[in-house]
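If you want the building blocks of each chain, they are given just below.
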Amino acid sequence: YNLGLLYSDLELPDSAAQAYEHVVEYSPDNTRALFNLGLAYGKLDSLEKSAIAYRRLIDIDPINEKGLNNLGAIYLRAEQYDSAHAVFNRLVGLTHSAQAYYNRAKSREELGNPEEAIADYQRVIEKDITYARAYHNLALLEEDRGDMAAAVALLNKAIEYDPDNWKTHWKLGKIYVALERIADAKSEY
């Protein structure tokens, strides 16, 4: 196990994965090793192997929040949106945390359910008023609905809480250009 930690610290995920595989071979219920195995395979873009490790972890510890969160994230990366949504739905039920709602919103967007995603992003903001990424993503959905005023207000709110996020400044600049507010756009670029 410690060898896996060392390899992880040295940013050698392939070696870390091999070390953790040996640990779970001899100790199949070692949840820490399974979690770290999932991380190592995720860094290697071995998404199926990562998902297998996290599913084994969750079979042993069904309320492991970090394991559930990472499994859902792996499903998102693998474009298995139904599976991601199911995991994040479960996580919302367990934690009711801002992060869980945020992740479920992302899965709902990918499934083509913008109204449900909007509701979840609003829950994120209710739980954590400083969650800049929720404002940003909510702004994108409002832009898609044609509500540019709401999109501008939400992007400005995102910038208030994360002033160094270039993507938010860039998006706000693009909307200002579309609204023919060129001076405002220049200040964002």
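The present account deals with the structure reproduced in this document.

The rules behind the values
Residues numbered from 1 in each chain as written. Predicted model: local features only at pLDDT ≥ 70, side-chain atom pairs only at ≥ 80, totals over all residues. Heavy atoms only, no water. Helix = DSSP H or I, 4+ residues; strand = E, 2+ residues; numbered from the N terminus. Buried < 20%, exposed > 50% of the residue type's maximum accessible area, 1.4 Å probe, protein only. Contact = heavy atoms within 4.5 Å. Areas by Shrake-Rupley, 256 points an atom, 1.4 Å probe, with all protein chains shown as cover. Lys, Arg positive; Asp, Glu negative; His and termini not counted. Charge placed at Lys NZ, Arg CZ, Asp CG, Glu CD. Expected span 1.5 Å × (residues − 1). Arc of directions from axis to C-beta. Axes fitted to C-alpha atoms, helices over the stretch in contact; angles between N-to-C directions. Parallel < 35°, antiparallel > 145°, perpendicular 65-115°, else oblique. Left-handed = near helix turned anticlockwise from the far one by under 90°. Nonpolar A, V, L, I, M, F, W, Y, C, P; charged D, E, K, R; others polar.

1. Comments concerning the overall build of the chain
Broken down by element type, the chain carries 12 helices and zero strands. In terms of principal-axis extent, the alpha carbons of the chain reach across some 65 × 35 × 25 Å. Across the 189 residues in the chain, those meeting the buried criterion constitute 42%. Across the chain, the fraction of contacts at a sequence separation of at least 24, relative to all contacts at a separation of at least 6, is 37%. When the accessible area of the chain is evaluated, it comes to approximately 10,200 Å², of which 49% is carbon and sulfur surface. Each charge sign in the chain was given a centre, from 21 positive and 30 negative side chains, and these centres are 1 Å apart.

2. Thoughts on helix 8 (residues 114–127)
Here helix 8 contains 14 residues, and its C-alpha end-to-end distance of 20 Å stays within 8% of the 20 Å for a straight helix at 1.5 Å per residue. Looking at helix 8, one finds that the buried residues are Ala117, Ile118, Asp120, Tyr121, Val124 and Ile125. Considered in projection along helix 8, the buried side chains sweep an arc of 165 degrees and stay on one side of the axis. Against helix 7 (98–110) and helix 9 (132–144) lie the buried residues of helix 8.

3. Here we look at the packing of helix 9 against helix 11 (residues 166–178)
One can describe the packing of helix 9 onto helix 11 by two numbers: an axis separation of 11 Å at closest approach and a directional angle of 20 degrees. Classified by the interaxial angle, the pair formed by helix 9 and helix 11 is roughly parallel. Viewed along their axes, helix 9 and helix 11 form a crossing whose handedness is left-handed. Residues His136, Leu140 and Glu143 of helix 9 form the contact with helix 11, whose own contacting residues are Lys167, Thr168, Lys171 and Ile175. Class assignment of the residues belonging to the contact of helix 9 with helix 11 gives a composition of two nonpolar, two polar and three charged.

4. Points about helix 10 (residues 148–161)
With 14 residues, helix 10 should cover 20 Å at 1.5 Å per step; its first-to-last C-alpha distance of 20 Å lies within 8% of that length. Regarding helix 10, the residues found buried are Ala150, Ala151, Val152, Leu154, Leu155, Ala158 and Ile159.

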